[in-house]
Amino acid sequence: MLWQAGRKRRRQCPQESETIQLLKFPLASTGERFGLMRSFRPFQNRALERTRRQAVKQPRATFSVWIYLLKFCQKLCGIIHHVDRSNEYESVLMQLTDTGDIIIQARLTTEEDEALRAAVALPLRKWIRLDAYIQNSKVVLQSTWGGVTQRFVYQFRNNLRFDDTDGYFVFGGSKYMPGITGYFGAAKYYRCGTAEKKGTLGFEKIGNALFQEAVQKMFTGNHVNITSEVKSLLQASSCSGHHKASFLLAVAHLSGIGHPIQPQKGHVYSLVGAVADNRFALMHAGYKHALGLDGFPQDLDMAYSYYSNMGEQSSSDVSTMHKNKKKLGTMLYWGQHGVSKDIGNAAKWFEKCAMQMTDASALYEYAVLLIKGLGVKKNITRGLQLLEKAAAMGSISALNGLGWYHGSILEDHKTAEQYFKQAALNGSEDGMFNLGVYYLTGLNPKNAQRNEAAAFEHFLNASRSGHVAAAVEAAWYLSTGSLEGVSRDVKKAVMMLKKVCERNGHLGFLLREALQEYLHGSRLVVILLFLSLCHRLSWCDPSFVIANRQTALVMYALAAETGLGLAQSNMAHLCQELDLGHACELRYLNYSVLHNNPAPSALLKMGDYYYNHPPGSQEESLSSLGQALSMYIRAALAGSPQGMFNLAVMVEQGHVLPKKTYDWLNTSLREERETVVETLLQRCLESEDIEAACTLSLLRVQMEKAWRRMSQNSAQLILALAAVLLVFVLVVFCGGSSA
């Protein structure tokens, strides 16, 4: 890429440098209110920190960033902007206009804001380097593309005030402004100064058809093979706006399934999907940056920028869904299960259920239809009466509905707040979220002032119950650290958003399709074997069953690459079942065990791999066995009897368990090895799925233990031998008598 070839390298101090590499990997910016946040701490070096403090009112700093524009903004959009601790704009802001010009805004030492407009007319679809030099009261802007550099100099009325430790900086969009539509390339920030140096055009259906055709042609027999023809179909589908194809191309180039591994091309296709706001591509980029996989640098700030976008989309998706619809009324309202959508008949069914006055949820549903006039004559009075009745019967949704009506329609915020509080006390995440909104906006009748601390607490509580919009809000505070008393914790923000993003309905639908394809093939096999007709029926083709597995493979691969643990486990199974190679199975097993609560089966398989495939050198072999031990411990702690048995085997071989594992077993390092093994095997027998191996091994251990005790006492040993001899004599005698 041009920005990689053109960037200048500078040697940095190994401990602390005034030069910061802000972006080492491209960032896709979707033109929405999502971006990459960076914050800076004071220098630890006293001389550098003294220089930085003196420069707050006499600044000398430089920002250098590469951008690639796909389209211009509607009005103004963010390239870089600085938000202080009071959530106000600080120096410096760099924005793009709808004509490709650049506006730079700064806050002066006089507390005034001043801006300049540089008529640069930036082009589309070219890599552009922007350098902004801040020198006391002067700002120099240089824009370079195609070997040509434009230079603009602007003199502000007073010196700029510039404190980079106050608040945070954003590349792209934030909740305060949309970002550019395109990509950010390499970006550097010189803290102490440096010398001057969404539309698809209606092709979505075509793109989907091309994608389906490509998937059908991906397989040669039982093998995945992404030929040049398949690649061309996927590329055409991507260009038509169907970015599931972009994501599949990224997966193919990164995973090596059916195609040689080419990380750089995989990164490009991943970014193409992400910049188009494809949900799977956004989750993929966030997941890979969070863990530093497949050549994506580990960067939690970049992971947050993608997950926050996906979280906002998930929140929007949830808001379009209605829950707890009543059977046929639901099907008629939404047009589900083959029933045509018919709101009028749906309303009749809801009315029938509601008028029985025994079902609070039916009362709530019918009340909403009356208030909105959907399928029935609008009757707000009657609707409110039914809402109050439903609330009295325990409907939490009705409490939130009453709060919404009093707050949004009647603007009676005192009453609305009471309903939301009652809903929250009954465990409603919507009630908690709505209370948070009241505190955030200052609508709380008890206190007209905004209370972000109280809002954050309510958002955090609601997010713990799975509220998507609340998680998005709480994660923003955690990612910025802009709220007093709330430390910046980007990792927690990323994990919070990842959790709610994985509940997105689009991802769930993809998993359902994958499972249906897999089960359809399984049912066909069972039926044909049962009837024993496969050799007689002309339409019976085993390749049809394989085709179902292959379609399921594609869907599970897409879901697995977003970071979903369940899909990764299933993908590993399909890799083995379709004989796609050990590397394929190992890739997804390894991904699945990176989660906090992986499936015990995946932990056992990874443990077996490390145990049975130790590297060549002794040091590497010991490390591999240590990994196996770690996997078996995690499986055992998750309740796996096989994990406990495997641990017992390794302990017998002389491996030492970590202290935490001894604590879990209520034993200690001072215990004899035999005692630890016996305890593990007894734990194995206590589990619901009893392993026969555990029973036999425990019997062996106990018999060996008993024999050693007897052998240590000569009298007991003589008695034991005499007993054995007596049994032998009796057997011989009885046998001779019968003869």
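Residues numbered from 1 in each chain as written. Predicted model: local features only at pLDDT ≥ 70, side-chain atom pairs only at ≥ 80, totals over all residues. Heavy atoms only, no water.

Draft legend 1. Summary view of the sheet that holds strand 3 (residues 35-38). The sheet built from six strands is open, its strands ordered 3-12-5-6-7-8 with antiparallel pairing. With one partner strand each, in any of the chains shown, strand 3 and strand 8 (113-118) form the two edges of the open sheet. For this sheet, the mean inter-axis angle between neighbouring strands, taken without regard to orientation, is 15°. Of the strand pairs in this sheet, strand 7 (residues 102-107) and strand 8 are connected by six bridges, and their pairing is antiparallel. Its bridge partner lying in strand 8, Q105 is registered against A115. (Pairing = 2+ DSSP bridges. Helix = DSSP H or I, 4+ residues; strand = E, 2+ residues; numbered from the N terminus. Axes fitted to C-alpha atoms, helices over the stretch in contact; angles between N-to-C directions.)

Draft legend 2. Representation of a nonpolar patch on the surface. A surface patch of nonpolar side chains, amounting to about 290 Å² of accessible area, comprises W404, I409 and L410. Considering the arrangement of structural elements, one finds L410 in the loop between helix 13 (396-409) and helix 14 (413-425). (Patch = residues over 30% accessible without salt bridge, like charges linked within 9 Å, V, L, I, M, F, W, Y side chains within 5 Å. Areas by Shrake-Rupley, 256 points an atom, 1.4 Å probe, with all protein chains shown as cover. Salt bridge = Lys/Arg side-chain N within 4 Å of Asp/Glu carboxyl O.)

Draft legend 3. Molecular detail of the pairing of strand 6 (residues 89-97). Counted residue by residue, strand 6 has eight buried out of nine residues, so it is predominantly covered. Bridge count between strand 5 (residues 76-83) and strand 6: six bridges; the pairing is antiparallel. Pairing of I80 across the sheet is with M94, part of strand 6. Linking strand 5 back to strand 6 in an antiparallel pair, the connection comprises five residues, with N87 at a positive phi of about 60°. (Buried < 20%, exposed > 50% of the residue type's maximum accessible area, 1.4 Å probe, protein only.)

Draft legend 4. How the structure looks around the packing of aromatic side chains. Scanning all chains against the criterion turns up 25 aromatic pairs. With 5.0 Å between their ring centres and 45° between their planes, F25 and F296 make a pair best called tilted. Considering the side-chain rings of F40 and F169, the 5.4 Å spacing of their centres and the 55° angle between planes classify their relative orientation as tilted. On the criterion of sequence distance, the pair formed by F40 in the loop between strand 3 and helix 2 (46-54) and F169 in strand 12 (residues 168-172) is long-range, its members being 129 residues apart. There is no split in this pair, since F40 and F169 are both buried. The rings of Y89, Y168, Y176, F456, W476 and Y477 are connected pair by pair, giving a single aromatic cluster. When the ring centre of F43 is taken as reference, the NZ or CZ atom of R191 above it lies at 4.2 Å. Lying over the aromatic face of Y588, R587 brings its terminal NZ or CZ to 5.5 Å of the ring centre. (Phe/Tyr/Trp six-rings, centres within 6.5 Å; stacked < 30°, edge-to-face > 60°. Lys NZ or Arg CZ within 6 Å of the ring centre and 35° of its normal.)

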